[in-house]
Amino acid sequence: SDLLSNDAVQADMPAANKRALFHHLGQMLARITGISDKDIVASLSARERIGSTGFGAGVAIPHGRIEALDR
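Residues numbered from 1 in each chain as written. Predicted model: local features only at pLDDT ≥ 70, side-chain atom pairs only at ≥ 80, totals over all residues. Heavy atoms only, no water.

Chemist: Explain the pattern of salt bridges here, please?
Modeler: Where side chains of opposite charge bring their charged atoms close, a pairing between them can arise. Counting across every chain of the model gives one salt bridge. Among the ionic pairs, glutamate 48 bridges to lysine 18, the shortest N-O distance being 3.1 Å. With a gap of 30 residues between them, glutamate 48 in helix α2 (residues 37-50) and lysine 18 in helix α1 (residues 18-33) connect regions that are remote in the sequence. (Salt bridge = Lys/Arg side-chain N within 4 Å of Asp/Glu carboxyl O. Helix = DSSP H or I, 4+ residues; strand = E, 2+ residues; numbered from the N terminus.)

Below is the structure:
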């Protein structure tokens, strides 16, 4: 809970594909953090290029680094 707030977690998020998922997450997290949704999507996409953050069966924990965040 020190690293991830409840409002940054969303279960049962419908998304047709990874791009749609990242777009939705970018908008949601931009409201929470005040950081541009484009910067958030770019960070998620860059991390995903390193390796998948998906576990399978529709479960994933997309994440990335953003300099402006302290957690």
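Further notes follow.
Chemist: Would you take a moment to explain the layout of surface pockets for this structure?
Modeler: The gaps of empty space that remain are located by a probe, the size of a water molecule, rolled over the atoms. What the largest pocket holds in volume is close to 1200 Å³. For the largest pocket, the lining is made up of 38 residues, of which Leu4, Ala8, Leu29, Pro62 and His63 are closest to its centre. Mapped onto the lining of the largest pocket, the elements with two or more residues apiece are α1, α2 and β2 (59-60). The element contributing the most residues to the lining of the largest pocket is α1, with eight residues. (1 Å grid on protein atoms, 1.4 Å probe; cavity = no way out; pocket = protein on both sides within 12 Å on 5 of 7 lines; lining within 4 Å. Points joined across faces, edges and corners; volume = space filled by probe spheres on them.)

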